[in-house]
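Okay, here's what each chain looks like letter by letter:
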Amino acid sequence: MEMVPKRYETVAEIPADEFLPLQKNTEAEREQISAPSLNFLQDSWRRLKKNKAAVISMVLLTTIILISIVTIFVSPHNPTAQNVDYINLPPRIPGISIDGLNGKAMVGGELVDKYAQANVPANVNFLLGTDGLGRDVLSRLFMGTRISLLIAFIAAILDVTIGVAYGLVSGLLGGRVDNAMQRFLEILSGIPNLVVMILMLVVFEPGIFSIVAAMAITNWIPMARIVRAQTLKLKDQEYVLAGLTLGESKLKIAFKHILPNISSVIIIQMMFSIPSAIFFEAFLSFIGLGLTPPSASLGTMLSDGYKTFLYLPYLLWIPAATLSVIMIGFNLLADGLRDAFDPKMKE
């Protein structure tokens, strides 16, 4: 027979034996924070992981960078070695019988085995084909990607080194110093990058150094302006004024208080500057003002590929696709970092 619980009119009528004793650690458990405490970087990483596009881009770019480094020591073929007997061979991937990937190409309306015509041994394969000088496209792609990324990262380092220092000094000192430094920036920003590159070629030989020198003159200007704006916003904060009142030097305040608080903005701007530098290098190499043969970059491969695009389209599509993937990856990663580092994006 089911027992019906007895009802009481008031709390005082409830007998003491129906109350359960309160455990001593109950209050400590109620006061305990259920979620773990996260610092700024951990919280930013938590938000970044929610952005699938940024995570995929980060994994993809990390893979590309690692492959570029590993292929310095291990490469399918010598990227600069020429072999006139193996010119313009289509891609041949072992185990694949798809036309265009098995060493066969259309010649005069007929499907011809280009490798058999060139007497290429069966154990020699060019996975992405060869160019007009018989050089392996895959090996040159590794080399070109490596050089393009190298130039881009050097440009990013210059942005951080020159742009951050210039912006901090300009924003923190203010007054006439800030006014003079900003007028100097306006003069530099009025000079087109192409004109600067041509002037560098007058002084230096075409190559990595001339490209980096051209970037060092003008590419850090956006970084300097962003850092200056952030510094002007933070220099009137209470903790900065307290440091000045206590006798701290402006240099110590800049590196100990202001710089850590604007580090997220610096990282985001640096990530956006990397694809811009890659595109700038590719553009210069494409028009013949960049690297010189036999060195390869994505721009030089594009320049060589567009000349034979109608009958050897893979020579253009391969570096174009690689350049597009790298630039899209850096832009998506930069967008993800911006959302992760922005405190306003917190749920």
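Bear in mind the structure is a predicted one, so any value in this text is a computation, not a measurement.

**Details of the UniProt feature "domain: ABC transmembrane type-1" (unreviewed entry) in the protein chain**
Residues annotated in UniProt with the feature "domain: ABC transmembrane type-1" (unreviewed entry) correspond here to residues 145-334. The span residues 145-334 is 82% helical and 0% strand by assignment, and the distance between its end C-alpha atoms comes to 20 Å.

**Things to note about the side chain of Thr 130**
Its location among the elements puts Thr 130 in the loop between helix H4 (114-117) and helix H5 (137-173). Within the structure, the side chain of Thr 130 is placed 3.2 Å from the backbone nitrogen of Asn 88, a separation counted as a polar contact. Within the local environment of Thr 130, its side chain forms a polar contact with the backbone nitrogen of Leu 89, the two atoms lying 2.7 Å apart. Those residues within four positions of Thr 130 in sequence are excluded, and the remaining contacts are Tyr 86, Ile 87, Asn 88, Leu 89, Arg 135, Asp 136, Val 137, Tyr 314 and Leu 315.

**Looking at helix H6 (residues 175-189)**
Side chains of residues three or four places apart in an α-helix project in the same direction, reflecting 3.6 residues per turn. With 15 residues, H6 should cover 21 Å at 1.5 Å per step; its first-to-last C-alpha distance of 21 Å lies within 8% of that length. Every buried residue belonging to H6 is among Asp 178, Met 181, Gln 182, Leu 185 and Leu 188, and all of these are buried. Buried residues of H6 fall within an arc of 115 degrees about the axis and therefore sit on the same side. Exposed and oriented more than 90 degrees from the buried face of H6 are Arg 176 and Ile 187. Looking at the buried positions of H6, the neighbouring elements they touch are H5, helix H8 (208-218) and helix H9 (221-234).

**Remarks on the side chain of Glu 281**
Structurally, Glu 281 can be placed in helix H12 (residues 263-286). Despite its burial, Glu 281 pairs with no opposite charge; the closest candidate is Arg 140, at 11 Å N-O. Within the structure, Glu 281 has its side chain in polar contact with the side chain of Ser 148 (distance 3.1 Å). One polar contact links Glu 281 to Ser 285, side chain to side chain, over a distance of 2.8 Å. When near neighbours in sequence (up to four residues on either side) are disregarded, Glu 281 contacts Ser 148, Ile 151, Ile 211, Met 215, Leu 291, Ser 297 and Gly 299.

Calculation criteria
Residues numbered from 1 in each chain as written. Predicted model: local features only at pLDDT ≥ 70, side-chain atom pairs only at ≥ 80, totals over all residues. Heavy atoms only, no water. UniProt positions renumbered as here; feature names shortened; annotations may be inferred. Helix = DSSP H or I, 4+ residues; strand = E, 2+ residues; numbered from the N terminus. Polar contact = N/O pair within 3.5 Å; in protein donor to acceptor, adjacent residues only side chain to side chain. Contact = heavy atoms within 4.5 Å. Expected span 1.5 Å × (residues − 1). Buried < 20%, exposed > 50% of the residue type's maximum accessible area, 1.4 Å probe, protein only. Arc of directions from axis to C-beta. Lys, Arg positive; Asp, Glu negative; His and termini not counted. Salt bridge = Lys/Arg side-chain N within 4 Å of Asp/Glu carboxyl O.

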